[in-house]
Protein chains: 2
Amino acid sequence: LNGILAGDRLMLSKAITLIESKLSSDKILAEIILKQISPKTGNSIRIGITGAPGAGKSTLIEALGNYITQQNKKVAVIAIDPTSSITKGSILGDKTRMDSLSNNQMAYIRPSPSNEYLGGTNEVSREIIMLCEAAGFEIILIETVGVGQSEALVRGMVDFLMLLYLAGSGDELQGIKKGILEHANYILITKADGENLENALSAKNELISALQITPNNGVVVDSFSAFNQQDIENLWKNILEKINEKSENGEISKKRSNQKTTWFHEIIERKIVEAFYANSEISKNIDSVEIELKAGKIDTFEAVNEIIRKLNF
Amino acid sequence: LNGILAGDRLMLSKAITLIESKLSSDKILAEIILKQISPKTGNSIRIGITGAPGAGKSTLIEALGNYITQQNKKVAVIAIDPTSSITKGSILGDKTRMDSLSNNQMAYIRPSPSNEYLGGTNEVSREIIMLCEAAGFEIILIETVGVGQSEALVRGMVDFLMLLYLAGSGDELQGIKKGILEHANYILITKADGENLENALSAKNELISALQITPNNGVVVDSFSAFNQQDIENLWKNILEKINEKSENGEISKKRSNQKTTWFHEIIERKIVEAFYANSEISKNIDSVEIELKAGKIDTFEAVNEIIRKLNF
């Protein structure tokens, strides 16, 4: 606990490993830690960064992360990756990515988690964010891959959601769903440099005109090159302005309050299911019903009813 | 029921809408239908098709789907898209996609669902597959977007998983995770035609050499062009061969049996949580604890304990 609160990265990493663990002894310890650090959380700026593979997420995070630390702010980078359930991370691995940021003393990079969670990615990620906040990280960048369920997860735990989009990668708008546009605060057309600049600018215009047909909630669309210092400065300035706005009109505190409630319900729902399976009589019952189900003696609904009718809240 | 079993698409669509509905009256009806059709399910070949936006999923599905119907087999196409919670589908919309397949009398295309589900995408998708099987569709193509949690969902409900990958779309291998390779049965490097052919072939080789460093489970890597009739024929031939193999060595029946058990647990877990919230005393309790939580009088763990300690299985 002292280590985490003092910003010791090794202790922070150990605590995150506890949170990700499936062992019930680890879970108990993790809960004690979370309860203790709870008052020290909630004070960071949480920024979600999402986009398809190859959209330039790592490059942006490295550029933006280093720039933020130059402004004397501590940055933590968290990856939410619910995909890899058997082996760790990506083929290239997290270590070869974000080389300079991972050597930056003001930054902490937590690689993709290695296990499938019992308790759900959502809840674990929420708790990792809290640990980083308790360790004094002021800006949390939460990276997630792809256009899929992961956005929906991330959206619920950040103050600000950026969608990265690589121009010229096939069917221009196909991958961008209205649902995402409505939740994104910022859409960046990446790799707006060299021979890709023209592509990026035309994709930007295409998107802006597409946005006009949707219920626009003030999303910013811009092109971006991680090799252009001005672009990085502008991006950070715009993010801070937007967050300031959302902070002043009460949007952020409302969001935090909702996130707290969501987290409360996530924990409760997990605990109910855990308690249910932990009951030895129910557990024996499930085993015997499963055998009948597999043998084709009863159908799935009969099996469910067999278990549920004994429930008594 | 008669309509579904007779293969009436309008009735099939209506039944799917019931399954997707959140209304409890619809849920009851949906459960009755599922119970009735249950014996008529499980006889299709279920193929998952996944890849990032722009990877060529729609193009492949249209080409493969039309080819399959020429072999006198009925094809259903289902999209699993947990993203769009506010508005329907993609900007381009599902109707403008797969033009010729959607006019094919042997095919049924179910567009992306329009609602966020109470019961989870997983369970709903499983049930939609069952409905299509009961309506006599012999091949079910299950499409999902992106490299994210959606693969993990799809993997658990198909016999065969294809991963589509567009060569030349930035950092070649970055987006392909080991976890996916281990679960994919087939990796297709798409758009292997025209000036992209060379890219596709070198990406194929790159992948094959990357695969050698992972626990290889017999995944096939191939290049593919939807405009090359030979490629389509080869793909279908290879899929059938692989499925035949998996059928003969008992892999498929084992998978189906596991899927049944998973579905059983999904329903139980949903029902437990539903029953929990439906209890009026618990519900009142949660409301009052939530108020204290929002006011900062108690922390999240105290709030959880307040609710959980009254649980009695």
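None of these values were measured; they are calculated from a predicted model.

Caption draft 1: Structural detail: unusual backbone geometry. Residue and element names in this part refer to chain B. Here N72, not a glycine, exhibits a phi torsion of approximately 70°, which is positive. Positioned with a positive phi, K191 is a non-glycine residue whose angle comes to about 55°. The exposure class assigned to K191 is partly exposed, which follows from its relative accessible area of 28%.

Caption draft 2: Representation of the nonpolar core. Counting residues in hydrophobic clusters, the biggest one holds 92 residues, and the most contacted among them are L131, C132 and F264 of chain A together with L131, C132 and F264 of chain B. Non-local contacts of C132 of chain B, meaning those with residues more than four positions away in its chain, are made with L12, A76, I78, Y108, F137 and I140 of chain B.

Caption draft 3: The pattern of salt bridges, seen in detail. All chains considered together, the criterion is met by 24 salt bridges over all chains. Residues E20 of chain A and R110 of chain A are paired through a salt bridge, measuring 3.3 Å at the closest nitrogen-oxygen approach. Remark: R110 of chain A occurs in strand β3 (residues 107-110) and E20 of chain A occurs in helix α2 (residues 9-20); sequence separation between them is 90 residues. For E20 of chain A, a relative accessible area of 6% puts it in the buried group. Taken together, the shared-partner salt bridges connect K35 of chain A together with D299 and E302 of chain B into one network.

Caption draft 4: Up close: the packing of helix α10 (residues 229-248) of chain B against helix α11 (residues 251-278) of chain B. Residue and element names in this part refer to chain B. Contact geometry of α10 with α11 gives a least axis separation of 4 Å together with a crossing angle of 75°. Comparing the axis directions of α10 and α11 gives the class roughly perpendicular. Together, I243, K246 and S247 of α10 and E251, I252 and K255 of α11 make up the contact between the two elements. Of the residues assigned to the contact of α10 with α11, the class counts are two nonpolar, one polar and three charged.

Caption draft 5: Up close: a nonpolar patch on the surface. A contiguous nonpolar patch, built from I28, L29 and I32 of chain A and spanning about 280 Å² of accessible area, is present on the exposed surface. Structurally, I32 of chain A is set in helix α3 (residues 24-37).

Caption draft 6: Molecular detail of the pairing of strand β1 (residues 45-51) of chain A. Residue and element names in this part refer to chain A. In terms of burial, β1 is largely enclosed, as seven of its seven residues are buried. Side chains I45, I47, I49 and G51 project from β1 onto one buried face, and the interleaved R46, G48 and T50 project onto a second face that is buried too. Sheet topology places β1 next to strand β5 (residues 160-166); four bridges connect them, and they run parallel. Bridging from a neighbouring strand, I49 pairs with M162 of β5.

Caption draft 7: Local environment of helix α4 (residues 57-70) of chain A. Residues and elements named next belong to chain A. Here α4 is 14 residues long and its end C-alpha atoms lie 20 Å apart, about the 20 Å a rise of 1.5 Å per residue gives. With respect to burial, α4 is a largely interior element, eleven of its 14 residues being buried. For α4, every residue scored as buried is listed here: K57, S58, L60, I61, A63, L64, G65, N66, Y67, I68 and T69.

The rules behind these values
Residues numbered from 1 in each chain as written. Chains lettered and ligands numbered in written order. Predicted model: local features only at pLDDT ≥ 70, side-chain atom pairs only at ≥ 80, totals over all residues. Heavy atoms only, no water. Buried < 20%, exposed > 50% of the residue type's maximum accessible area, 1.4 Å probe, protein only. Core = buried A, V, L, I, M, F, W, Y, C linked by side-chain atoms within 4.5 Å. Contact = heavy atoms within 4.5 Å. Salt bridge = Lys/Arg side-chain N within 4 Å of Asp/Glu carboxyl O. Helix = DSSP H or I, 4+ residues; strand = E, 2+ residues; numbered from the N terminus. Axes fitted to C-alpha atoms, helices over the stretch in contact; angles between N-to-C directions. Parallel < 35°, antiparallel > 145°, perpendicular 65-115°, else oblique. Nonpolar A, V, L, I, M, F, W, Y, C, P; charged D, E, K, R; others polar. Patch = residues over 30% accessible without salt bridge, like charges linked within 9 Å, V, L, I, M, F, W, Y side chains within 5 Å. Areas by Shrake-Rupley, 256 points an atom, 1.4 Å probe, with all protein chains shown as cover. Pairing = 2+ DSSP bridges. Expected span 1.5 Å × (residues − 1).

It is worth stressing that arrangement in space is one thing and function is another; only the former is reported here.
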